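Tertiary structure, described
Chain by chain, the residues run as shown.
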Protein chains: 2
Amino acid sequence: MKDKPPVPSAHRPARATIYEVATLAGVSPATVSRVFNGFNVSAKYANAVKKAASELGFRPNSAARTLRTRTSEVITLVIADIENPFFTALARGVEEVARASGYSVVLCNSDEDEEREKTYLAMAAAQHMAGVIITPATDHTDVSEWLAHGTPVVSVDRTLAYANVDAVMVDNQAGARDATRRLIERGFRRVACVTGPSGTETADERTSGWRDVMLDHGGVTPERYLVRALAKDSGGREAMEKLLALPEPPDAVFVGQNLMGIGVLEALASAGISPEKFGVSILGDLSFAATLIPPAVDVFSLPAREMGRTAAQLILERIAGDKRPPRTVVVRRSAE
Amino acid sequence: MKDKPPVPSAHRPARATIYEVATLAGVSPATVSRVFNGFNVSAKYANAVKKAASELGFRPNSAARTLRTRTSEVITLVIADIENPFFTALARGVEEVARASGYSVVLCNSDEDEEREKTYLAMAAAQHMAGVIITPATDHTDVSEWLAHGTPVVSVDRTLAYANVDAVMVDNQAGARDATRRLIERGFRRVACVTGPSGTETADERTSGWRDVMLDHGGVTPERYLVRALAKDSGGREAMEKLLALPEPPDAVFVGQNLMGIGVLEALASAGISPEKFGVSILGDLSFAATLIPPAVDVFSLPAREMGRTAAQLILERIAGDKRPPRTVVVRRSAE
DNA sequence: TTGTAAGCGTTATCAC
DNA sequence: GTGATAACGCTTACAA
């Protein structure tokens, strides 16, 4: 990645510096700096500086500032899949809160890929970000460099096995239980489970929530009705097709992932099975397509935005110097 | 925004510098720099430097580098709505190409808001980005600062009225014509048009594509069937309700925006009207929900990803020093 | 090939 | 309250 030298940079006209502003305003550079950082400066000078600055189109050079102060007012947010509405809603939540405190958010898309994630983390590490919020691609994503450097890290939606950092989670198991129980209440008994690949924390938890309910009601372990697949709509479709091909197919399905839900519905539709007859209950953020989903389908949505907001709050506290031991905040799903 | 002083930064342990690496490797700092920038260094020294660097966990400080070189290998991408799949697909396209050339992409979400857009542009301007790709919130978005500074700018999906920069567009008018024509071919005659607010370039163009076809086939200007609303699903729903309440309602509708399409379908559904009877044709990216959309609905998708890829290619060329006059590239919609 | 040294534009530490 | 001045960590002439 780092092999080819940077493209020869085009000539960049210099931008006004603090020195030129100082000269024009008849003060020292230090005074200009003070004006821009809210320190005490006499009104007379302050005005002169502001005037000079706007005349010159002065814009503080953030590279210089970051170099000097070893910090910047930007938060890096690394999400796992930019095309998944759960993550974009989360991003929006982060941004709302961060912006309100004067922080900017830069978004990086790891695409669930360890390598890409690593690249972005390295890039951000080189930039003295104020903090990092991440939905880790794996539970062994390495954030030690950040911690060593004193940069706060908050993980969202998934936990980091080898790092003791703040985390924002949702109660996946309870969500899965609720969603599964709904199907039981509606009279279904052979409830299958379709969710993300084994080893994915959220998927594992949701699986176990489903299993809990099934064991309570069926008495036997319903593992033959458990299908784990790629957490995309294609994965959902394949999983559902597999289930329908079973000798004794299920009569309902709990889907533990938003996009997979779409795939499941698709598979059912092309098999000519209506969700009124065949129970479907989905745990995941489907707001973007809410009105396209047949009303017979139960959707249990996730508080993505709220999770983002919470993560931002946590990181702002850490940035402000909060030294308490790391916390895990579980955001409750809003009453439906 | 810039009023409150930065949160007092926590103490940051210093990270290894090029000097320490140099000392450990027994060379000069310049040599270390050369190793990391791919200049000729004897193998012996190069290895010593690499070894020392990894022992110290050295990571080049990008703020210092940017300060010195006045450029960085990151591209800023400002999109108008992170929750709209059109823009996220576009983002993905940009990223694919940029990453392949060793550039990182930071994503900013303007949320169609001029103020937020301005903040992000200013932020990025302070950071010596290599380039900026933007889907402007308005046609008068100010990018002059960039241009003055020699930073390449590419606009995507929308053009900038007051700046002569590279642009990547899609042929909205042709798309709208195709989509409308399809309805005519299916036998509909009173084809309405629902699209984004007046003044939005893409919406204006799509409107005129629809109008062209209608005038060709109907002979009268069908303005009473034109409804422009907020480019969200709520806007689509309201627009459709308005149309259905007309004394002589339309018998079909062309929708010039993806999310609005969902709203339109929703309104039709709750009015008990099936899209087999009432023609619906949508121009916009709906891939995320493709399988949930009734098959009777015609969807003409937009090459969002390809547009992103193209934009990235353009900006990389500019970064590399391409001095040709600005171009507008129109990306063709892929044959369906 | 390698080293020396002078900045890049800020902010922070002193004196005044 | 204000002004010199020395860093911050890197790149890059220029010398060697």
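With that settled, the discussion passes to the relation of the copies chain B and chain A. Least-squares fitting of chain B to chain A yields an RMSD of 0.1 Å, with the transformation described by 0.0 Å of translation along the axis and a rotation of 180°. Such a combination of turn and shift is consistent with a two-fold rotation axis.

Attention now moves to the protein's contact with DNA strand D. Near DNA strand D lie 27 residues; those nearest to it are Thr 31, Ser 42 and Arg 70 of chain A together with Ile 18 and Arg 68 of chain B. Across the atoms of DNA strand D situated within 4 Å of the protein, the share located in sugar and phosphate is 63%. Contact between DNA strand D and Ile 18 of chain B: a phosphate oxygen at 2.5 Å from a main-chain N or O atom of the residue. Contact distances for DNA strand D include 2.8 Å between a phosphate oxygen and a side-chain N or O atom of Ser 33 of chain B. Mapped onto the surface near DNA strand D, the elements with two or more residues apiece are helix H2 (29-36) and helix H4 (62-69) of chain A together with helix H1 (18-25), helix H2 (29-36) and helix H4 (62-69) of chain B. In terms of residues, the surface near DNA strand D owes the most to one element, H4 of chain B, which gives four residues. Per-class residue counts for the surface near DNA strand D are eleven nonpolar, nine polar and seven charged.

Residue and element names in this part refer to chain A. Taken in spatial order, the five strands make up an open sheet running S7-S6-S8-S9-S10, and their pairing is parallel. The sheet is open, and its two edges are formed by strand S7 (226-228) and strand S10 (298-300), each paired on a single side. Taking the axes of each pair of neighbouring strands and ignoring which way they run, one obtains an average angle of 15° across the sheet. Running at roughly 175° to strand S6 (residues 191-195), helix H9 (residues 201-218) makes contact with S6, S7, strand S8 (252-255) and strand S9 (279-283) of the sheet. Seen against the sheet, helix H10 (residues 233-244) touches S6, S7 and S8 and runs at an angle of roughly 155° to S6.

Right, let's get into the domain arrangement of chain A. In terms of domain boundaries, chain A breaks down into domain 1 (9-56), domain 2 (74-170 + 304-330) and domain 3 (172-300). Placing a centre on the C-alpha atoms of domain 1 of chain A and another on those of domain 3 of chain A gives a separation of 61 Å.

Quick notes on the rules
Sequence order as written defines the numbering, with residues in each chain counted from 1. Both sets of labels track the order of writing: A upward for chains, 1 upward for ligands. Given that this is a predicted model, residues contribute local features only at a pLDDT of at least 70 and side-chain atom pairs are listed and counted only at 80 or more, while totals for whole chains, interfaces and linings are drawn from all residues. Calculation of side-chain values draws on the structure's entire complement of heavy atoms; hydrogens and water are dropped beforehand. In this comparison the copies share one frame, found by least squares on the C-alpha atoms of residues holding pLDDT of at least 70 in both. We call a residue near a molecule or strand whenever a single non-hydrogen atom of that residue lies within 4 Å of it. In the analysis that follows, any N or O atom pair within 3.5 Å is treated as a polar contact, provided that within protein one partner can donate a hydrogen and the other can accept it, and provided that, for residues neighboring in sequence, both atoms belong to side chains. By the criteria applied, helices consist of DSSP H or I runs no shorter than four residues and strands consist of E runs no shorter than two, each listed in order from the N terminus. Gly counts as polar in this scheme, as do all residues outside two lists: the nonpolar Ala, Val, Leu, Ile, Met, Phe, Trp, Tyr, Cys and Pro, and the charged Asp, Glu, Lys and Arg. In short, DSSP must find at least two bridges between two strands for them to pair. For every element, the axis is a line fit to its C-alpha atoms; helices are fit only across the contacting stretch, and the angle between N-to-C directions ranges from 0 to 180 degrees. The contact rule is simple, with two residues in contact once any of their heavy atoms fall within 4.5 Å. As annotated, the domain borders come from an automatic or database domain assignment.

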